[in-house]
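Read off the chains here:
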Amino acid sequence: MTTLVAVRKAGSITIAADSLTTFGDLRLSADFDKSYEKIVRHGDTFIGLCGSAAHQLVFESLLKEGKGIDLSGKTAIFETLRKLHPVLKEQHFLNPKEDEEDPYESTQITALVANPRGIFGVYSMREVFEYTRFWAIGSGREFALGAMQVLYGRLKTSEAIARAGIECGATFDKNSALPMTIHTFAEIGA
């Protein structure tokens, strides 16, 4: 899987990701992967995707088309995902089934979205959460969350906290590794 983090602090927002891709027990490190970046950019928004490696190519394709994509806030992200769901099924052949008991069809996507307006978590049933300080997703999330919780009050910048989260995920999660990619920008209204 991966370790992805997003942090807000002192008027800035940072999103960061590890660089390892895994296929079962096979590891594809950044040394062998020309495209190890797990964060996609759309205007002033960065989207960190975890799960299937196909998600990144699908999202790059969708973002290139750009029609009806609004990632400016929680409601806008939800509406964009709702509108994209039939496109994911019909044009990209998404398999929307997870569990028969699920209340909705799944997008199969877990992502962090960061832009100057905030940081948002996106989950497979099109749930969208806005985070006040930081969050992490992927298989290394517990390690990253622990590191960022301990260091949030001690470190001065969002970038330093995000780096610590990714480093901790890469140290302890077997499906995460360095180098990391990191993007930092100013928060609106801070």
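Asker: Quick rundown of the sheet that holds strand S1 (residues 4-9)? Include the residues and the values.
Answerer: Taken in spatial order, the four strands make up an open sheet running S10-S1-S2-S11, and their pairing is antiparallel. Among the strands making up the open sheet, the edge pair consists of strand S10 (134-137) and strand S11 (181-186). The mean angle between the axes of side-by-side strands here comes to 10 degrees, regardless of whether they run parallel or antiparallel. Strands S1 and S10 of the sheet are contacted by helix H3 (residues 141-151), whose axis makes an angle of about 160 degrees with S10.

Asker: How would you summarise the nonpolar core if you had to cite specific residues and measurements?
Answerer: Counting residues in hydrophobic clusters, the biggest one holds 19 residues, and the most contacted among them are Ile47, Leu49, Ile77 and Val113. Those elements that provide at least two residues to this core are strand S6 (45-50), helix H1 (54-65), helix H2 (74-91), strand S7 (110-115) and strand S8 (118-122). With near-sequence residues (within four places) excluded, Leu49 lies in contact with Leu4, Lys38, Val40, His55, Gln56, Phe59, Ile109, Thr110 and Ala111.

Asker: Now, about H1: what can you tell me, with residues and values included?
Answerer: In this model H1 runs 17 Å from its N-terminal to its C-terminal C-alpha over twelve residues, within 8% of the 16 Å that 1.5 Å per residue would give. Within the span of H1, buried status applies to His55, Gln56, Val58, Phe59, Leu62 and Leu63. Projected onto a plane normal to the axis of H1, the buried residues spread over an arc of 165 degrees and lie on a single side. Opposite its buried face, H1 presents the exposed residues Leu57 and Lys64, each directed more than 90 degrees away. Just downstream of H1, Gly66 is the residue with a positive phi angle, here 70 degrees.

Quick notes on the rules
- Here the residue index of a chain counts from 1 through its sequence in written order.
- Residue-level local features of this predicted model are given only where pLDDT is at least 70; pairs of side-chain atoms are given and counted only at 80 or more, and the full residue set underlies all totals for whole chains, interfaces and linings.
- With hydrogens and water stripped out, all remaining heavy atoms of the structure feed into the side-chain values.
- One bridge is not enough; two strands pair if DSSP finds at least two bridges between them.
- Each helix is a run of DSSP H or I of at least 4 residues and each strand a run of E of at least 2, with the numbering of both proceeding from the N terminus.
- Fitted lines through C-alpha atoms serve as axes, helices being fitted only where they are in contact, and the angles separating the N-to-C directions of these axes extend from 0 to 180 degrees.
- Two residues form a contact once any of their heavy atoms are found within 4.5 Å.
- Throughout this description, the term nonpolar core refers to a set of buried Ala, Val, Leu, Ile, Met, Phe, Trp, Tyr and Cys residues connected via side-chain atoms within 4.5 Å.
- Note on classification: 1.4 Å probe, protein chains only; a residue is buried when its accessible area is under 20% of the maximum for its type, exposed when over 50%, partly exposed between these limits.
- Here the expected span of a helix is defined as 1.5 Å times the quantity of residues minus one.
- The arc in question is traced by the directions running from the helix axis to the C-beta atoms.

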